[in-house]
Structure formats: structure tokens, C-alpha cells
Amino acid sequence: MVPIFYSLNQEQANAFNLVLNASGIGNRVVRSNGGFRIDVPEPYADAARDAIHRYQAENPNAEEWAPASHSQPTRKNLSGVAVALLLLSIHLAVSASSAPEDYLAVFGANARRILNGEVYRCATALVLHADAAHIAGNMAGIVLFGGAVCMVAGTGVGWLMVLGSGIVGNLINALAYETGHLSVGASTAVFGAVGILCAFQAVNAAKTGRGWKRTALAFGSGAALLAFLGTSARSDMGAHLFGFICGALIGGAHRLWMRQPLGMQGQVICGIIAASTILLCWVWGVAN
């Protein structure tokens, strides 16, 4: 969250809060330096300013406000770094084992086995990687895109959405192949995060009246990124594409139904659900 307006009185803060809520932009009113300020998720700062500008234009008697200083500190979501390091730790542990190929066979997203009931593979495959280049690329994607989702939606909700897009993306990919096709890696979830971010921008553009061109631009940018990063010779294009689509649907639903990020309790619950899902799927795989 970043401050976009500050030194507001109570009436101004309440008015801006209502305007942003009506525009579908999550925000919070914070008491600061004898007045109030408005914080919004960083990716929506420009859209929030536009919404307030329109409000000011339609209400010329409304008082002026002070813009946030560029020197104001901003808080970054570092959970992407933590998740990337966790993926690296798992990769190193699997690589150091006596039979790393067994992990891929038991926990990888084998399409035929998934369709035969071993659905846990849709989740466990996300934390396995083939080699150093594979893990390095997905770590970068998790930090960049996963962290960005969490900056907007909150850490717990963000990772639950990213995980959900990866799991459902792997499931749809298995339905598409219906063979012994094997897929591993967090890239399905990474492109799910890209889809979520595109949906956030698209819904926000539609809600703030920026028109279909901005909406098309948001998804066009995501599609270009998918084509640029997700279509190499060793990539599973199907998993990337389905992860992106699932992420876009999940992100769109979130932005349409959630006016602002959940509070701490909700974030913790969602984070526990995400972590428990991965853990239970691993236990299922071991027991199977």
C-alpha cells in the first residue's frame, strides 16, 4: 500500500474513501501527522488519482488535497522472496537425494495418473524443478509476479490465488493431454500470477471508465509475456496457457467481488489454507 493523498481532514478522507470504494479500488484511511491520509495498493495508485480527479471535476466546491510526496517510504511485499527460497530449498534437497528422478515420477504432473485419481500431483508438481535453469527462472517469476499479486490482494489471499491458478491449470492441462505427459515446475502458477495481474488491471480499467482499449491492453500485455517467456522448446505451453487463463478468471472474480483486501485474520486463514493444501497433497502422494 502507498499513500496517494495526505494532510486531509476527516470529511475529505471519508469522501475520498467512498469515491474509491465506489470505483472498486481498495483503500484505507490512516490517521497521520494530525490529519488523515489515503493508502491504496501500489498498482492502483494512478487509477485512484484519476477517480479522485473525476470526483473533483464533478464537485467543484470540494476542497483541494495534497498529493503524496515521492519521498514517502513505501512498503514492499517480500513474501515472494520467501516462497522463492522455499522452492530453492526443496529443489536442492531433491537434487541431493539418492534418486531425484523418483520424486518426479511420484509427484510430477503425469496427465494419465492425474486423470486416474492422483489429483495431488497438480499441486506437488508445482514445487519440483528439472534443473538449475528451471528453478532460477521460476524463482524470478515468483518474486516478481507472485509478490505483485500479494501487494494488491494481501499475502494470504495472493498466494492462495496463485496456488489455485497453478493447481487448476495443471488439472486442465492433464485433461487436454490425456496421456502420460509429465510436467513439473512452478511456471504454471507463475503464469497464473501474470493472469491475475492482467485481470486486476482490466477490471480496474473497466470500473474507472478507461474503456475497452485499456482492458485489451492489459490482456494483450499478458499474452505477449506468455508468448515471450512461455513458449521455449522445453516449456510446457499448455500448462502456461491454462495457468494464465485460470489466473485471469480468479483475478477477475476477486476484483469484482472484493472491494478491498481482507484484514489480517482473513489473510492468515487464506495463507494457512494455501500451505495446508500443499502439505496435504505431499502427504497424499507419500501415502499413495
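Here the structure is a predicted model, which means the values were calculated and not measured. (Residues numbered from 1 in each chain as written. Predicted model: local features only at pLDDT ≥ 70, side-chain atom pairs only at ≥ 80, totals over all residues. Heavy atoms only, no water.)

Novice: Help me understand the overall build of the protein chain, please; the structure alone is not making it clear to me.
Specialist: A count of helices and strands for the protein chain gives 12 helices and six strands. Relative to its 288 residues, the protein chain shows a buried fraction of 48%. A separation threshold of at least 6 residues defines the contact pool for the protein chain, and within that pool the share at least 24 residues apart is 76%. Just so you have it, the protein chain exposes about 14,000 Å², and 64% of that area is on carbon and sulfur atoms. (Helix = DSSP H or I, 4+ residues; strand = E, 2+ residues; numbered from the N terminus. Buried < 20%, exposed > 50% of the residue type's maximum accessible area, 1.4 Å probe, protein only. Contact = heavy atoms within 4.5 Å. Areas by Shrake-Rupley, 256 points an atom, 1.4 Å probe, with all protein chains shown as cover.)

Novice: Quick question: what am I supposed to make of a nonpolar patch on the surface here?
Specialist: Taken together, the side chains of L115, V119, L171, L175 and W284 define a hydrophobic patch exposed on the protein surface, amounting to about 400 Å² of accessible area. Mapping L115 onto the fold places it in helix α5 (residues 111-115). (Patch = residues over 30% accessible without salt bridge, like charges linked within 9 Å, V, L, I, M, F, W, Y side chains within 5 Å. Salt bridge = Lys/Arg side-chain N within 4 Å of Asp/Glu carboxyl O.)

Novice: I tried to follow the packing of aromatic side chains on my own but got confused; where do I start?
Specialist: When we look at a pair of aromatic rings, we describe it by the centre distance and by the angle of the planes. The tally for this structure, following the rule as stated, stands at three aromatic pairs. With a centroid separation of 5.4 Å and an interplanar angle of 55°, the aromatic rings of Y120 and W284 are classed as tilted. Here Y120 is found in the loop between α5 and α6 (121-124), whereas its partner W284 is found in helix α12 (residues 264-287), with 164 residues between them in sequence. Among the aromatic side chains, those forming a connected cluster through ring pairs are Y103, F107 and W282. (Phe/Tyr/Trp six-rings, centres within 6.5 Å; stacked < 30°, edge-to-face > 60°.)

Novice: Is there a simple way to think about the pattern of salt bridges in this case?
Specialist: Any two side chains of opposite charge can pair, so long as their charged atoms come close to each other. Across all of its chains, the model carries four salt bridges by this definition. Residue D39 is joined to R28 by a salt bridge in which the shortest nitrogen-to-oxygen separation is 3.5 Å. A residue pair is termed long-range when its members are at least 10 positions apart, and D39 in strand β3 (residues 35-40) and R28 in strand β2 (residues 28-32) qualify at 11 residues. Since its relative accessible area comes to 32%, R28 is described here as partly exposed. We note a salt bridge from E118 to R121, for which the minimum N-O separation is 2.6 Å.

Novice: Can you walk me through the packing of helix α7 (residues 132-153) against helix α8 (residues 155-177) in this structure?
Specialist: Angle between the axes and distance between the axes are the two parameters that describe a pair of packed helices. Axis separation between α7 and α8 bottoms out at 7 Å; the angle between their running directions is 130°. With respect to their mutual orientation, α7 and α8 come out oblique. The crossing of α7 and α8 is right-handed. Residue-level inspection shows I142, G146, G147, V149, C150 and A153 of α7 in contact with α8, the latter providing T155, V157, G158, W159, M161 and V162. Split by residue class, the contact of α7 with α8 holds eight nonpolar, four polar and no charged. (Axes fitted to C-alpha atoms, helices over the stretch in contact; angles between N-to-C directions. Parallel < 35°, antiparallel > 145°, perpendicular 65-115°, else oblique. Left-handed = near helix turned anticlockwise from the far one by under 90°. Nonpolar A, V, L, I, M, F, W, Y, C, P; charged D, E, K, R; others polar.)

Novice: Looking at this model, I keep getting lost on unusual backbone geometry. Mind explaining?
Specialist: Backbone phi values are negative for most residues with the exception of glycine, while trans is the configuration of most peptide bonds. Even without being a glycine, E178 presents a positive backbone phi close to 55°. Among the structural elements, E178 can be located in the loop between α8 and β6 (182-183).

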